[in-house]
Amino acid sequence: MDVPGTGASIRALSAPTDPPRLARVVAVTAAGTSGGVLLVSSNGAGMGHLTRLLAIGRRLDDDVPRTFFSLSSAVPAMAAAGAGWEYCPSAGALGGSGAAWNDMFAERFRLVLGTYRPSVVVFDGTWPYSGLVRVRREVPATRFVWSRRAMWKPSVTGDHLGLARAFDLVVEPGEYAGAVDVGATTRATDAVRVAPVTLVDPEDLLPREVARRELGLPEQGRALLLTLGAGNINDISSDVGAVVGAVRDRHPGWTVWLTRPPISETGPPPEGVSTLQVYPLARYLRAFDGAVAAAGYNAFHELLAAGVPTVWVPNLGTTTDAQLARARFAQDAGVGWCVPDVPAGIDDALAGLVDDDRRATMAAEAVRTYPGNGAGPAAALVGGLLP
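Because the structure is predicted, anything quoted here is derived from the model rather than measured.

So, how was this worked out
- Residues numbered from 1 in each chain as written.
- Predicted model: local features only at pLDDT ≥ 70, side-chain atom pairs only at ≥ 80, totals over all residues.
- Heavy atoms only, no water.
- Buried < 20%, exposed > 50% of the residue type's maximum accessible area, 1.4 Å probe, protein only.
- Helix = DSSP H or I, 4+ residues; strand = E, 2+ residues; numbered from the N terminus.
- Pairing = 2+ DSSP bridges.
- Axes fitted to C-alpha atoms, helices over the stretch in contact; angles between N-to-C directions.
- Parallel < 35°, antiparallel > 145°, perpendicular 65-115°, else oblique.
- Contact = heavy atoms within 4.5 Å.
- Nonpolar A, V, L, I, M, F, W, Y, C, P; charged D, E, K, R; others polar.

Visitor: Which residues make up the pairing of strand E5 (residues 84-87), and what are the values?
Guide: Burial along E5 is two-sided: the face carrying Gly84 and Glu86 and the face carrying Trp85 and Tyr87 are both buried. The pairing of strand E4 (residues 66-70) with E5 spans four bridges and is classified as parallel. When the bridges of E5 are listed, Phe68 appears paired with Trp85.

Right under this line is the structure:
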């Protein structure tokens, strides 16, 4: 396919259905341009890494070529942003050993670097792959940036933080709940910290009536956004069912709108629930009167910045992200509710969410205390490394 604005002919790799043989993986080829920025994202279970890179990439100067190289199967969404993209299957998608996958990744990375010849590479992920670090040593003239989100679980040792030595710059996207962050990155002194990185600024948010019209929501009535993640870490169907049942049985004036991200592996929605498959959804958030959302980095900061009162459902199965601490902080700060156990706690939380006065107070507090968007400063730091 041809990606608009890049002149690049790109063929995406997909994971085979039979046991894969890494030697059969065919490299993507593209007609690239020299210079610019290559934005590299790890896979993750959702789209957080990729979206943070998009937030930074879209704020680079207009004349800076940018290309995405990702392990996320959602990377084709970057074409809509006018950027080229390259896909490399993750170790989980291909199977096989970690060592074999890193060898394959290193070869793919070399090819992408040789094709696009970027001046700067930005990697967003919690663990730089050995294949990436290996190739980085082969291109000393290329500047490397690690976009390293904080708020790690205390159980994560952070032994790999020493890999920061392979980068010219470490940028830490800020955290609204940073006051309760006790993870390994809080003891590191190598990062330049910016405000929370979000895709849109408040002035980019569509007015309520415009957002509703474009999403197909009715003009009147209360709308609840239900976004519990991609569903690739744990089965969210029971939580979805509990929320939908509680709204249907006890709050009939509300309608439920369930997100289905491009990376989603979930099944059909519950009966009577409307679905949204829009990326990025952030600019439409004012269409909703409240939300029930996973407490991942992107959703957390986007909904707070938009002033949407939210019931936070921490995903306790994440490897690194301390979502429970983030959600508890929001509740203590008066900008949300923390519900680790949805079937047991959703009724009380929804009783607060449907109260107009409480929602208004919570929305105002979120907007008042939000520290701003760090995507612009992060892009400026990246742009400062360009020749």
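Visitor: Could you give an account of the packing of helix H1 (residues 48-57) against helix H7 (residues 297-306), with specific residues and numbers?
Guide: Close contact between H1 and H7 brings their axes to 9 Å; oriented N to C, the two are set at 50 degrees. When the axes of H1 and H7 are compared, the pair comes out oblique. Here Gly48, Thr51 and Arg52 of H1 lie close against H7, whose contacting residues are Tyr297, Asn298 and Glu302. Of the residues contributing to the contact of H1 with H7, the split by class is one nonpolar, three polar and two charged.

Visitor: Pulling in residues and values, what's your account of the sheet that holds strand E10 (residues 222-227)?
Guide: With parallel pairing, the six strands of this open sheet are ordered in space as E12-E11-E10-E13-E14-E15. Across the chains shown, the open sheet's two edge strands, defined by having one partner strand only, are strand E12 (274-276) and strand E15 (337-338). Here three bridges tie strand E11 (residues 254-259) to E12, and the two strands are oriented parallel to one another. Within E12, the position partnered with Thr259 by the bridge is Leu276. The strands that helix H9 (residues 342-353) touches are E10, E11, strand E13 (290-294), strand E14 (310-313) and E15; relative to E14, the one it contacts most, it runs at about 165 degrees.

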